[in-house]
Each structure stands twice: as C-alpha cells, then as structure tokens.
Amino acid sequence: MPDESPSSIVLRLLQGAWTTQALHVAAALGIADELADRAATSGELAAATGAHADSLHRLLRYLVTLGVLTGDDESGYRLADVGRLLRSDVAGSERERALTYGTWNYRAFGGLLHTIRTGEPAFDHVFGMSPYDYLAAHPDEARSFDRQMQRAEVFFAKVPEVYDFSGAKTIVDVAGGNGGLLAAILAAAPTARGILFDAEHVVAAARDGLRDRGVLDRCDLAGGNFLESVPSGGDVYVLSRVLHNWDDLDCQTLLTNCHEAMETGATLLILEHLIPSEIPGGIPGEEGDCAAARPPAIALDINMMALFGGRERTWEDFGSLLATAGFDLLPTRQPLPSDITLLIGRRR
C-alpha cells in the first residue's frame, strides 16, 4: 500500500488484534462451513449459528473488507478464496489455527511486555502454568491444537524426497508426536525400523495412527523425557520442530542426550524454520516483492518466545548449538513446504 502515510500504517498494524478476533469468531461460529455451497444473508447465518443478527452483519461486513468474504446483505455473502481456508473440510484448512490464535495464544500475547522486560515466557505469566500443563488441563483446546499441528504436516511426505533413508536401519523420531513424520519416512524406507519417542501419553495415543498407516509392526513406542535421555540404537535421529520450543540451555541438554545415544558417524536430521542471516527491510504490509520476501520465521520467533520461551534460529545458531554438543553441521540445507528447512548433523 505505497500511498499510505506512516500514521495510517501504524494504525493498520495496531488493528491486527481486531483481525485475529474476527477470524477466530468466524471460525468458532462455523461461518465458512455454512457458506460452503451457498450464499446467505446475515439474518440467515445468524439463525443457523445462533448469533445476534445485527452484530453478525457488522462482523461479516468487516470480513468482506479483509478479503475473507464477498457480497453483502442484499446479494448474500459468499466465501472468497481466503475464506475457504476457514472451512473445516478442505485440504490446508486454517480453521483450527484461527481457533487457537484467538484463544490461549491471543491471551498469552497480552503478556508480551513481561517477556521483553524479564525474558520469561508470557504464557506462564498470564496463565500461571506452562503451555504443556495448560493443554493437559484443557483437552478440548489440546485436541484443537493437535489438529492444527497435523494440518501443518504437509511437508512430511516431502522429507524422504530430499533425504535418502534407504541405507537407514533404525530411525529414532525424538518428540515425534503422533508419528506422522516417522510413518512417512518408514513408508519410503521399507527395510528400516523406527522408534517413536515422546511423552508416555503421546506415544500411547499414536499407536492407532501408526497401525492405520501400516507401519506399527516396524515401530517401537518409547515414552520418556528427552531432557533426561533418548533411546539408543538408531543410526538416524530426527528432531522435527522441537528445538524451537526451547532455549539454548535446554537445546544443549537435548542435543547432548542425542549425542550420548548415538554412535560416531550417526546422522541427526533437524527440521526447523530458519531465520536468514540477512533480514530484508521495507514498510510492514507493503505489497510486492518485499512483502513476499519477509521471513515467516521472524514472526514465529516472537511467538515461540512469548509462549514457550523458545526461539527460531539462524544457520549460524544451529551450527554453534551442534558444535557444542559434539556434532558437525553439514553444508547441505534442503527447503521444504511450510517454510521448513532440513539441516543435517553428523556425530563426531
């Protein structure tokens, strides 16, 4: 928006909270599902969702200005391409993300000033507990978060395309969650076995999914705390979106535990968002090449800091972490969907 004045840009940026909540409410009411195959007025949508008609009309009008909907109360509202991603039944749906970003994630960011002043996670300050404890105590929100994470797993099938697992004998997925990535790897490496390692309740819940994917007979399920130890016996270890949840000290502990469990020459695969060493500048929200080049990891870094006390990292950051724990970071880095990069370490 090159014609915007600086004050207009600041105002637009400050309205980001309004946008987050508008999308959250639309997702919570199921507006996109109601408009999946029809146009509807605000009155019809209010009747279908149990909302207050005039208030909903005003929300829908705002969603039109955001490019989520098209139309008006006279012609009826329809989904724009962006709005279709709020449907619950489409590939790449962002509905669960909208639900999460508008609830506990949103509240946690109200404590960002505390994080910046103290270095402590805003989430713990706002809720009096860690995100892990909060989700354990709120199973409905935990299920929504799990579904959100599963939607983000579009890169799993691509991992065996950029790394050759054919020579691997035992693949250990550390903090592997529901086993989706390990299943994709084992499908591409039919002679390999896998070890899914995570908290006891996580790996127990993963059993049925691994069976459905046809790889349970080649998987061992191991429960535990990776800050204490990780299973030994693997020649390939995988850390997918794990290190960014933790500060450098905890990452050193985890990587050291991996080093102790691995034989010399074993491979460590790290899948993370990568902060580029040089950050492009420009006016926030500017259209064109500058906006397209803006690294998603920069915003994600703030999110990880506020929620978990973690961080996104540069290539150099990962090199330092790995070197301290006894690994060499190889020069190869493979881009994957969802702005993920595959990094390869070798145990010295």
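For the structure itself, look to the data block above.
Below, the structure is looked at part by part. If you're wondering where the values come from, they're calculated on a predicted model, not measured in any experiment. (Residues numbered from 1 in each chain as written. Predicted model: local features only at pLDDT ≥ 70, side-chain atom pairs only at ≥ 80, totals over all residues. Heavy atoms only, no water.)

Regarding unusual backbone geometry
The backbone phi angle of Ala175 is positive, close to 55°, even though this residue is not glycine. Along the polypeptide, Ala175 turns up in the loop between β3 (170-174) and α14 (180-188). Here Asp339, not a glycine, exhibits a phi torsion of approximately 60°, which is positive. Relative to the assigned elements, Asp339 resides in the loop between β10 (327-336) and β11 (340-347). Judged by relative accessible area, Asp339 falls into the partly exposed class, the value being 34%. (Helix = DSSP H or I, 4+ residues; strand = E, 2+ residues; numbered from the N terminus. Buried < 20%, exposed > 50% of the residue type's maximum accessible area, 1.4 Å probe, protein only.)

Details of the pattern of salt bridges
Considering all chains together, one arrives at 14 salt bridges under this definition. Ionic pairing is found between Glu94 and Arg97, a salt bridge with its closest N-O pair at 2.5 Å. Looking at Glu94, the relative accessible area reads 30%, which means it is partly exposed. Residue class for Arg97 comes out partly exposed when judged on its relative accessible area of 26%. In this structure, the salt-bridge partner of Asp140 is Arg143, at a minimum N-O distance of 2.3 Å. (Salt bridge = Lys/Arg side-chain N within 4 Å of Asp/Glu carboxyl O.)

Considering the sheet that holds β11
Ordered in space as β5-β4-β3-β6-β7-β11-β10, the 7 strands form an open sheet in which the pairing is mixed. Every other strand in the sheet has two partners, leaving β5 (219-223) and β10 as the edge strands with one partner each. Looking at each pair of strands side by side, their axes are set apart by 20° on average, direction ignored. Pairing analysis gives 5 bridges linking β3 to strand β4 (residues 193-198), with the strands arranged parallel. Looking at β4, one finds that Thr170 is bridged to Arg193. Packing of helix α19 (residues 315-324) onto the sheet brings it into contact with β7 (267-272), β10 and β11, and relative to β10 it is tilted by some 145°. (Pairing = 2+ DSSP bridges. Axes fitted to C-alpha atoms, helices over the stretch in contact; angles between N-to-C directions. Contact = heavy atoms within 4.5 Å.)

Let's talk about the environment of Cys258
Note that Cys258 resides in helix α16 (residues 248-261). In this structure, the C-alpha to C-alpha distance between Cys258 and Glu278, residues 20 residues apart in sequence, is 30 Å. In contact with Cys258, not counting residues within four places along its chain, are Val230 and Phe327.

With respect to the pairing of β3
Counting buried residues in β3 gives 5 out of 5 residues, a clear majority hidden from the surface. Burial along β3 is two-sided: the residues Thr170, Val172 and Val174 and Ile171 and Asp173 are all buried. By the bridge criterion, 4 bridges tie β3 to strand β6 (residues 236-240) in an arrangement that is parallel. Following the sheet pairing, Val172 is matched in β6 by Tyr237.

Digging into the packing of aromatic side chains
A full pass over the atoms with the stated rule returns 11 aromatic pairs. Judged by centre distance (4.9 Å) and plane angle (85°), the ring pair of Phe155 and Phe156 falls under edge-to-face. Take Phe155 and Phe156: they sit in the same class, and that class is buried. Linked through ring pairs, Trp104, Phe123, Phe127, Tyr134 and Phe145 together constitute an aromatic cluster. (Phe/Tyr/Trp six-rings, centres within 6.5 Å; stacked < 30°, edge-to-face > 60°.)

With respect to the pairing of β10
The pairing of β10 with β11 spans 7 bridges and is antiparallel. Each residue of the ladder has a partner; that of Asp328, found in β11, is Arg346. Once β10 ends, the chain turns through 3 residues before running back antiparallel as β11, passing Ser338 with a positive phi of about 65°.

Observations regarding the environment of Gly194
On the secondary structure map, Gly194 appears in strand β4. Assessed through its relative accessible area of 1%, Gly194 is described here as buried. Remark: the alpha-carbon pair of Gly194 and Ile171, spanning 23 residues in sequence, is separated by 4.7 Å. Not counting chain neighbours up to four residues away, the residues in contact with Gly194 comprise Ile171, Leu182, Leu186, Arg218, Cys219 and Asp220.

A look at the environment of Thr332
Here Thr332 shows up in strand β10. For Thr332, the residues in contact, after removing those within four places along its chain, are Trp315, Leu342, Leu343 and Ile344.

Some remarks on the packing of helix α2 (residues 16-29) against helix α5 (residues 53-65)
Packed helices, taken two at a time, are described by their axes: the angle between them and the distance between them. The contact between α2 and α5 brings their axes to 11 Å, and the two run at 120°. In terms of their interaxial angle, α2 and α5 are classed as oblique. The crossing of α2 and α5 is left-handed. Residues Trp18, Thr19, Ala22, Leu23, Val25, Ala26 and Leu29 of α2 form the contact with α5, whose participating residues are Leu56, Leu59, Tyr62 and Leu63. (Parallel < 35°, antiparallel > 145°, perpendicular 65-115°, else oblique. Left-handed = near helix turned anticlockwise from the far one by under 90°.)

Observations regarding the side chain of Gln148
Within the secondary structure, Gln148 sits in helix α12 (residues 139-151). Judged by its relative accessible area of 7%, Gln148 falls in the buried class.

On their own, these measurements won't tell you what the molecule is for.
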